[in-house]
Structure formats: structure tokens, C-alpha cells
Amino acid sequence: MIFSSIIKSDLGNKMKSKLIEIKDKKEKEKIGNLVLDDLTDWFSIGESRKTYIEESLDKRFLAIFLDDKPVGFLVMKETSKDCVEIFVMGIMKKYHRLGLGKQLIEAFEDLARTLFFSYAQVKTVKRGTYEEYDKTNDFYKAMAYKELECLPGLWDENNPCQLYIKYLGEK
């Protein structure tokens, strides 16, 4: 799976984006580390970043590149025969608000539909807990994800888990 497009950066220059499904575990690990190490506002606990990356190695992994440099990724996790989850997603901070996250979500949803999933879900920290996560909540809502429920004890009392879902269509 390969998608490409041209985006315009905040500096006015045009960059070519390319989205690829990565299959090689070493490449997944390299991209995952590169991106998550840049996102310590969201992924501040090193052990947690390591766990996300380790658990991503056996899952579908979409990566987005700008001018052949990896700048983001999304990992797909099957949670049931009908639902797939955005297990972990990140875009390097300096590339936020360029439409790359939207490209990743759209590619994830297209892939999920081809695999006959009817629903997508994502977990994040509940709005009002941390400013960075308020932006994350806004992003998922802009991508038409709906609040399903808050699971305050899933992670810990300082990080109440907000679960979002999206209907992708019938199988």
C-alpha cells in the first residue's frame, strides 16, 4: 500500500508525502523510536514508549514520509472481528497541522474497510486532563470519531482513558 501527495509546509515550500505500509520489524522499530522520542509531551515515560514499539512489531504499521524522511506512523490493532484500533499514532511535532495525521487516519480507515472491519476505535487521555491531549481529542473529533465512554481506571487516576469510536460501514 503506497499513497503519495504534495503538501505545503508552514514555510511555504512544497514537500512530497508518501504513506507506506511497513512490514520489516527493524524498520518499524526505527521509525517508532524516531517519532515517539520526538513526542515526549505525549509519550513521556520511556518504558511506555518501548512497550508501544515492541507491541507494534507484529501489527500492521503505516508510516508517512516527507521527502523520503519518516515523520509519522500509525499502528493498527485488531480488537474483535468487527473492530480495529489505532493502537499508537504519532507525527513528529514540527510536522503537526500539515494534514499528515489526516492522511494516516484516512489510510488506516481505508485499510480497515478492505479487511472488513465495521468499526474503528482509539483511546486517549480525557479532555481537560492535559493541554496536549485536548488537542489530540480535538483531532479525533475532527476526524469524525465519537466519544463512547471514559474508562478512568484503565491506565491510572492521573490519566483517565477516553474511548472514541467511528462507524466505518457494513462488512
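The structure we're discussing is the one just above.
Notes on the structure follow. (Residues numbered from 1 in each chain as written. Predicted model: local features only at pLDDT ≥ 70, side-chain atom pairs only at ≥ 80, totals over all residues. Heavy atoms only, no water.)

1. A closer look at helix 4 (residues 131-142)
The line we're drawing: Numbered from the N terminus, helices here are DSSP runs of H or I no shorter than four residues, and strands are runs of E no shorter than two. Expected span of a helix: the number of residues minus one, times 1.5 Å. Note on exposure labels: buried denotes an accessible area under 20% of the residue type's maximum, exposed denotes more than 50%, and partly exposed covers the range between, all computed with a 1.4 Å probe on protein chains only. Throughout, the arc means the angular range of directions from the helix axis out to the C-beta atoms. Whether two residues are in contact is decided by their heavy atoms, any of which lying within 4.5 Å being enough.
An ideal rise of 1.5 Å per residue puts 16 Å on 12 residues; helix 4 measures up with 17 Å between its terminal C-alpha atoms. Taken together, the buried positions of helix 4 are occupied by Tyr 133, Thr 136, Asn 137 and Tyr 140. All buried residues of helix 4 project into a common sector of 100 degrees when viewed along the axis, lining one side. Helix 4 presents Glu 131, Lys 135 and Ala 142 as exposed residues on the side facing more than 90 degrees away from its buried surface. Looking at the buried positions of helix 4, the neighbouring elements they touch are strand 5 (83-91), helix 3 (100-114), strand 6 (119-125) and strand 8 (159-167).

2. Regarding the packing of aromatic side chains
Our working definition: Geometry of aromatic contacts follows a simple scheme: Phe, Tyr and Trp rings, the Trp one being its six-membered ring, pair when their centres are within 6.5 Å, and the pair is stacked under 30 degrees between planes, edge-to-face over 60, tilted otherwise. A ring has a charge above it when a Lys NZ or an Arg CZ is no more than 6 Å from the ring centre and no more than 35 degrees off the ring normal.
Taken as a whole and assessed by the stated rule, the structure comprises seven aromatic pairs. Pairing Tyr 130 with Tyr 133 gives two aromatic rings, centres 6.2 Å apart and planes at 55 degrees, and the pair type is tilted. For Tyr 130, a relative accessible area of 33% translates into the label partly exposed. Their ring planes at 35 degrees and their centres at 6.4 Å tell us that Tyr 140 and Tyr 164 sit as a pair that is tilted. With Tyr 140 in helix 4 and Tyr 164 in strand 8, this residue pair connects regions lying 24 residues apart in the sequence. The rings of Phe 139, Tyr 140, Tyr 145 and Tyr 164 are connected pair by pair, giving a single aromatic cluster. Across from the ring centre of Phe 87, 5.0 Å away, lies the NZ or CZ of Lys 59, which sits over that ring.

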